[in-house]
Amino acid sequence: THFGFKQVDKNNKASMVADVFHSVAAKYDVMNDLMSMGIHRVWKRFTIDCSGARQGHKVLDLAGGTGDLTAKFSRIVGDKGQVILADINDSMLKVGRDKLRDRGVVGNVEYVQANAEALPFEDNTFDIITIAFGLRNVTDKDKALASMYRVLKPGGRLLVLEFSKPTNDMLSKAYDMYSFHVLPKMGQLVANDGGSYQYLAESIRMHPDQDTLKSMMETVGFEQVTYHNLTGGIVALHRGFKF
Ligand code: SAM
């Protein structure tokens, strides 16, 4: 396919990802609800619950897109805290910023256009970093994880919420059917953009499995790395600490 990974080298990946998210930005939220049947809200809620966020914390919601996690963190960290929604894509940032401002999420939120591979923040800045459904789109994941480690405070934690490998064969087959056949059709119908959703399905297939991602996090320095499978491993939440 036009978006197929096999024909795309590393240099092209970044611009292809940019095209995908410019293209889906306006319909991103409605597609998320539709494609996951609303379950992404549960996965995100679980991420917040595992984050240890409290008043006064400084949080980086990386690849934050339309800001679902940012909105939740903003309420928790309060006036003395801060949430930075960082995303490489200005269309996604704009949709996110407009949505959160409409909902009155203001005061402690900042928006920064940034590449996860080279974060424009000082060392030891954040208590918590989250990256939800973002890491698989990043070209150099090791570089991005190292960058996250650098800007995290000692004692801070990283949470990676991402599609992963279903733990059961039956589920895995059903899920492949769904993501390769139903998802692009849905994308075509609702967002008039089957190609982007084909890319999303392929990027999910290519993403490192649970144990591979765990060791990638350990390699850049994260400690006490654990993961929790959600919805039979369709999604996993990885958590690691910097000490
Ligand atoms: N976190 C949001 C959520 O869970 O709904 C948005 C996830 S969306 C599937 C992926 C986001 O990753 C997009 O907004 C995209 O622009 C962003 N992204 C892709 N590559 C990136 C990079 N290298 N650095 C920062 N953000 C990136």
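Heads up: the structure comes first, above all this text.
No experiment lies behind these values; they were computed from the predicted model shown.

Definitions and limits used
Residues numbered from 1 in each chain as written. Predicted model: local features only at pLDDT ≥ 70, side-chain atom pairs only at ≥ 80, totals over all residues. Near = placed C-beta within 6 Å. Nonpolar A, V, L, I, M, F, W, Y, C, P; charged D, E, K, R; others polar. Axes fitted to C-alpha atoms, helices over the stretch in contact; angles between N-to-C directions. Helix = DSSP H or I, 4+ residues; strand = E, 2+ residues; numbered from the N terminus. Parallel < 35°, antiparallel > 145°, perpendicular 65-115°, else oblique. Left-handed = near helix turned anticlockwise from the far one by under 90°. Contact = placed C-beta atoms within 7 Å. Buried ≥ 20, exposed ≤ 12 C-beta atoms within 10 Å, placed from the backbone. Core = buried A, V, L, I, M, F, W, Y, C linked by C-beta atoms within 7 Å.

Trainee: Any chance you could explain the site of the ligand here in plain terms?
Mentor: Of all residues adjacent to the ligand, which total 19 residues, the nearest are Ala63, Gly65, Asn89, Ala116 and Ala132. By residue class, the composition of the shell around the ligand is nine nonpolar, seven polar and three charged.

Trainee: Help me understand the packing of helix α3 (residues 40–49) against helix α4 (residues 68–77), please; the structure alone is not making it clear to me.
Mentor: The axes of two packed helices give the description: the angle between them and the distance between them. Axis separation between α3 and α4 bottoms out at 10 Å; the angle between their running directions is 40°. For the element pair α3 / α4, the angle class is oblique. For the element pair α3 and α4, the recorded crossing hand is right-handed. Two secondary-structure elements touch here, α3 through Lys44, Thr47 and Ile48 and α4 through Asp68, Leu69 and Lys72. By residue class, the composition of the contact of α3 with α4 is two nonpolar, one polar and three charged.

Trainee: Sorry, what's going on with the environment of Asp79 here?
Mentor: By secondary structure assignment, the location of Asp79 is in the loop between α4 and β2 (82–87). Under the C-beta neighbour-count criterion, Asp79 is labelled exposed, with 9 such atoms within 10 Å. Here the alpha-carbon distance between Asp79 and Gly56, two residues 23 residues apart in the chain, equals 7.3 Å. With sequence-adjacent residues up to four places away left out, Asp79 is seen in contact with Gly107 and Asn108.

Trainee: Is there a simple way to think about the nonpolar core in this case?
Mentor: One recurring pattern in soluble globular proteins is that nonpolar side chains are buried together. Formed by 61 residues in total, the largest nonpolar core has its most connected members in Val59, Leu60, Leu62, Ile129, Ile131, Met148 and Leu161. A per-element tally of this core places strand β5 (residues 152–163) first, with six residues. Setting aside residues up to four positions removed in sequence, Val59 forms contacts with Ala53, Phe73, Val77, Val83, Phe126, Asp127 and Ile128.

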